[in-house]
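A closer look at the structure
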Amino acid sequence: MNAQQRIYNRMNEVFYKKDGRKYVQINDPYALDGLREGWWLVKVAAGSTSIRQAVYPHKAEIQAAAKDKVDQLVEIIRKASEARPQSIPLSEQAKADWDWFISRNGKEFNTLEYPSIQENAEKIIEALLEK
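Residues numbered from 1 in each chain as written. Predicted model: local features only at pLDDT ≥ 70, side-chain atom pairs only at ≥ 80, totals over all residues. Heavy atoms only, no water.

1. Re the pattern of salt bridges
Test applied: Here a salt bridge means any side-chain nitrogen of Lys or Arg lying within 4 Å of a carboxyl oxygen belonging to Asp or Glu. Numbering goes from the N terminus for both helices and strands, where a helix is a DSSP run of H or I of at least four residues and a strand is a run of E of at least two. The buried label goes to any residue with under 20% of its type's maximum accessible area, the exposed label to any with over 50%, and the partly exposed label to all in between, with areas taken from a 1.4 Å probe on protein chains only.
On inspection of all chains with the given rule, the structure shows 3 salt bridges. One salt bridge connects E75 with R78, and the closest N-O pair in it is separated by 2.6 Å. One end of the pair, E75, and the other, R78, are both in helix α2 (residues 60-80), 3 residues apart, so they sit about a helical turn from each other. Overall, the relative accessible area of 34% leaves E75 in the partly exposed class.

Right, here's the structure in full:
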């Protein structure tokens, strides 16, 4: 089969729907041509399409379910890590120790940084899906 025949065959796969006085194309026979070889997980929702490559066929159902649960995990992690009032004030000795630590190790330790809730949820899902 040459290129001209492949193009003609694809043109025959295009489908249209009548919308008022117009005919509107309802499919794209060329949509999958850009995908590389391998297993793919595609989720189509209202207003969005999510495509993930490197899906392991024996874990496809788990990966699809996990992808849907990331948003719920974000909410669970957010509620679990909400700020709470501190019940024990910092003592003078603890403050002096902290200032000594900063002076010894530099200003980059002056501000603590935490991973985002989204990053935590993705790492949990990644850990669940390890081989």
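Once the structure has been displayed, the description carries forward.
2. Some words on the packing of α2 against helix α4 (residues 117-128)
To keep things clear, this is the line we draw: Angles run from 0 to 180 degrees between N-to-C directions of axes, and those axes are lines fitted to C-alpha atoms, restricted for helices to the stretch in contact. Relative orientations are named as follows: roughly parallel for angles under 35 degrees, roughly antiparallel for angles over 145 degrees, roughly perpendicular for angles from 65 to 115 degrees, and oblique for any other angle. The crossing is said to be left-handed when, going from far helix to near helix, the turn is anticlockwise and less than a right angle, and right-handed when the turn is clockwise. Any two residues having at least one pair of non-hydrogen atoms within 4.5 Å are treated as being in contact.
Between α2 and α4, the least distance of the axes is 8 Å, while the angle of their chain directions is 130°. Looking at the two axes, α2 sits oblique to α4. When you trace α2 past α4, the crossing you get is right-handed. Along the contact surface, α2 presents A66, V70, L73, V74, I77 and R78, while α4 presents I117, Q118, N120, A121, I124 and I125.

3. Thoughts on the environment of E130
Among the structural elements, E130 can be located in the segment after α4. The class for E130 is exposed, based on a relative accessible area of 56%. For the pair E130 and K59, spaced 71 residues apart in the sequence, the C-alpha separation amounts to 9.8 Å.

4. What to know about the confidence of the model for the protein
In plain terms, the rule: On a scale of 0 to 100, pLDDT captures the predictor's confidence in every residue.
Taken as a whole, the protein shows an average pLDDT of 79; of its residues, 93% reach a score of 70 or greater. Ranking the helices and strands of the protein by mean pLDDT puts strand β1 (residues 16-19) first, with 91, and helix α1 (residues 3-11) last, with 75.

5. What about the packing of aromatic side chains?
Quick reminder of the rule: Stacked, tilted and edge-to-face are the three classes assigned to paired rings of Phe, Tyr and Trp, where Trp is represented by its six-membered ring and a pair needs centres within 6.5 Å; plane angles under 30 degrees give stacked, over 60 edge-to-face, the rest tilted.
Here the structure, examined in full by the defined rule, presents 1 aromatic pair. On the basis of an interplanar angle of 35° and a centroid distance of 5.7 Å, the ring pair of W98 and F101 is categorised as tilted. Of the two residues, W98 and F101 both sit in helix α3 (residues 92-105), 3 residues apart, roughly one turn of that helix. The class of W98 is partly exposed, set by a relative accessible area of 33%.

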